[in-house]
Amino acid sequence: MQHPRTSTTAPAPRTRSTRRAGRLATLAAAVTAVVGLTTLGGPAAHGADNPYERGPAPTESSIEALRGPYTVAETSVSRLAVTGFGGGTIYYPTSTADGTFGAVAVSPGYTGTQSSIAWLGPRLASQGFVVFTIDTLTTLDQPDSRGDQLLAALDYLTGSSSVRNRIDSSRLGVMGHSMGGGGSLEAAKTRPSLQAAIPLTPWNLDKTWSEIKTPTLIFGADGDTIAPVATHSEPFYSTLPSSLDRAYLELNAATHFTPNTSNTTIAKYSVSWLKRFIDNDTRYDQFLCPLPRPSLTIEEYRGNCPHTS
């Protein structure tokens, strides 16, 4: 049977540099422990230099998932309880531990109701936003009216809604489909303080948008015959100021109505855009720059990198 060998050699005296190295190692271990405890604190891992960060560090799979890290609740808003738009549904994270969230209002298109864009509500809210999918005053409202209604919905959200205390009123954005997408451009032109705009296969008779100061991501569809990209999405994008943080994603094998059903590509890049510009969260830059390459779902992607806002 073997016995452990015991050294009888006296330990070497500790020099000043050895003691200093030991102290540094202890300090590093303590810092690591603190960081580890912070990381275990739930969905919000707030960056020390960015108080608006919400949720854990993103991955390709996390932004493509049907649901993000936040549990979501919803509340209906009657058109009789509001002015300036047709009511809607508010989707919001149930947790209040992370402080306030940015908010996004979403408009449907011509003849559409909120049901046509309802999938965006829980999908975006679960990533850490308050999302308001709205009905318009009439289903025939034109883009300029829809732009005003998106702004009225944001004002209701931040001023008198039941979730107003969960929202940071300085971090707001707009989205919309078809004429609602044209309306999101109108809203951004009217209110340059908006942090993000995402028109989805937008339609508008106005083709030039040099006035916009809001970071804007436009989705077009290669098979769109109602708002063909050559006369809508592409000129909308190309007339945005070249100095603006802007992008154009043309969906491959898609139609004008592709945004009306759950779509991973739309969700992935919308989440990344909203996180990057409403939350100032540069952890999402990796999905926007370098520019995404053509794929089975992306016909083309244009934009300016690196983003500077």
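For clarity, every value in this text was computed on a predicted model and none was experimentally measured.

**Overview of the overall build of the protein chain**
Line of reasoning, step 1. Along the protein chain, the regular secondary structure elements total 7 helices and 9 strands.
Line of reasoning, step 2. Contacts spanning at least 24 positions in sequence make up 69% of the contacts within the protein chain whose residues lie at least 6 apart.
Line of reasoning, step 3. Surface summary for the protein chain: the accessible area is close to 14200 Å², and the carbon and sulfur share equals 56%.

**A few points about the sheet that holds strand β3 (residues 101–107)**
Line of reasoning, step 1. One open sheet accounts for 9 strands, arranged β1-β2-β4-β3-β5-β6-β7-β8-β9; its pairing is mixed. Either end of the sheet is taken by a strand with one partner, and the two such strands are β1 (72–77) and β9 (298–303). For this sheet, the mean angle separating the axes of adjacent strands, direction not counted, is 15°.
Line of reasoning, step 2. Where strand β5 (residues 167–177) and strand β6 (residues 196–200) come together, 5 bridges link them in parallel fashion. Looking across to β6, one finds that Gly 176 is bridged to Pro 199.

**Looking at the nonpolar core**
Line of reasoning, step 1. The biggest cluster of nonpolar side chains holds 37 residues, and the ones touching the most others in it are Phe 85, Ile 90, Val 130, Phe 132, Leu 154 and Leu 157.
Line of reasoning, step 2. Within the residue set of this core, elements represented by two or more residues are β2 (88–93), β3, β4 (129–134), α4 (143–159), β5, α5 (179–190) and α6 (233–238).
Line of reasoning, step 3. The element contributing the most residues to this core is α4, with 7 residues.
Line of reasoning, step 4. Non-local contacts of Ile 90, meaning those with residues more than four positions away in its chain, are made with Ala 73, Glu 74, Thr 75, Val 77, Val 130, Val 131, Phe 132, Tyr 156, Leu 157, Ser 161 and Val 163.
Line of reasoning, step 5. Ile 63, Leu 274, Leu 288 and Ile 298 belong to the second largest nonpolar core, which has 35 residues in total.

Calculation criteria
- Residues numbered from 1 in each chain as written.
- Predicted model: local features only at pLDDT ≥ 70, side-chain atom pairs only at ≥ 80, totals over all residues.
- Heavy atoms only, no water.
- Helix = DSSP H or I, 4+ residues; strand = E, 2+ residues; numbered from the N terminus.
- Contact = heavy atoms within 4.5 Å.
- Areas by Shrake-Rupley, 256 points an atom, 1.4 Å probe, with all protein chains shown as cover.
- Pairing = 2+ DSSP bridges.
- Axes fitted to C-alpha atoms, helices over the stretch in contact; angles between N-to-C directions.
- Core = buried A, V, L, I, M, F, W, Y, C linked by side-chain atoms within 4.5 Å.
- Buried < 20%, exposed > 50% of the residue type's maximum accessible area, 1.4 Å probe, protein only.

Everything listed here is a matter of coordinates, which is why it stays silent on function.
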